[in-house]
Amino acid sequence: MVETPCIKICQILEGETLCLGCGRTLDEIARWTSMRHEERLAIMAGLAERLKQADIQDNTS
């Protein structure tokens, strides 16, 4: 099973690039299952900061 930060709040606002639930980009979501484990871990490590920078509440905690 592939690890995922998805919290089933899959919503991207018009004109935005990040999922409001997990903070991933549409490209990352689309490629997620084909990414190497290390690449997924690196992305997950930065999601909380992405959401903070985008002024989106951190829903991952």
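All figures in this text were calculated on a predicted structure; none of them were measured in a lab.

(A) Summary view of the environment of Arg50. By the secondary structure assignment, Arg50 is in helix α2 (residues 37-53). Sequence separation between Arg50 and Gly23 is 27 residues, and the spatial gap between their C-alpha atoms is 6.4 Å. Those residues in contact with Arg50 that sit more than four places away from it in its chain are Leu18, Gly23, Arg24, Thr25, Glu28 and Ile43. Side-chain polar atoms of Arg50 contact the side chain of Glu28, separated by 2.6 Å.

(B) Representation of the side chain of Glu28 in the model. Turning to its location among the elements, Glu28 is positioned in helix α1 (residues 26-31). In contact with Glu28, other than residues within four places in its own chain, are Met35, Ile43 and Arg50.

(C) Main features of the side chain of Arg40. Residue placement: Arg40 occurs in helix α2. Salt bridges are absent for the buried Arg40, whose nearest opposite-charge side chain, Glu3, sits at 6.4 Å. Here Met35 takes part through its backbone oxygen, which lies 2.4 Å from a polar atom of the side chain of Arg40. The contact partners of Arg40, leaving out residues within four places of it in the chain, are Val2, Glu3, Trp32, Thr33 and Met35.

(D) Quick look at unusual backbone geometry. Even without being glycine, Lys8 reaches a positive phi, approximately 65°. Residue placement: Lys8 occurs in the segment before α1.

(E) Highlighting the environment of Lys52. Tracing the backbone through its elements, the reader meets Lys52 in helix α2. The spacing of Lys52 and Arg31 is 21 residues in sequence and 23 Å in space, taken between C-alpha atoms.

Conventions adopted
Residues numbered from 1 in each chain as written. Predicted model: local features only at pLDDT ≥ 70, side-chain atom pairs only at ≥ 80, totals over all residues. Heavy atoms only, no water. Helix = DSSP H or I, 4+ residues; strand = E, 2+ residues; numbered from the N terminus. Contact = heavy atoms within 4.5 Å. Polar contact = N/O pair within 3.5 Å; in protein donor to acceptor, adjacent residues only side chain to side chain. Buried < 20%, exposed > 50% of the residue type's maximum accessible area, 1.4 Å probe, protein only. Lys, Arg positive; Asp, Glu negative; His and termini not counted. Salt bridge = Lys/Arg side-chain N within 4 Å of Asp/Glu carboxyl O.

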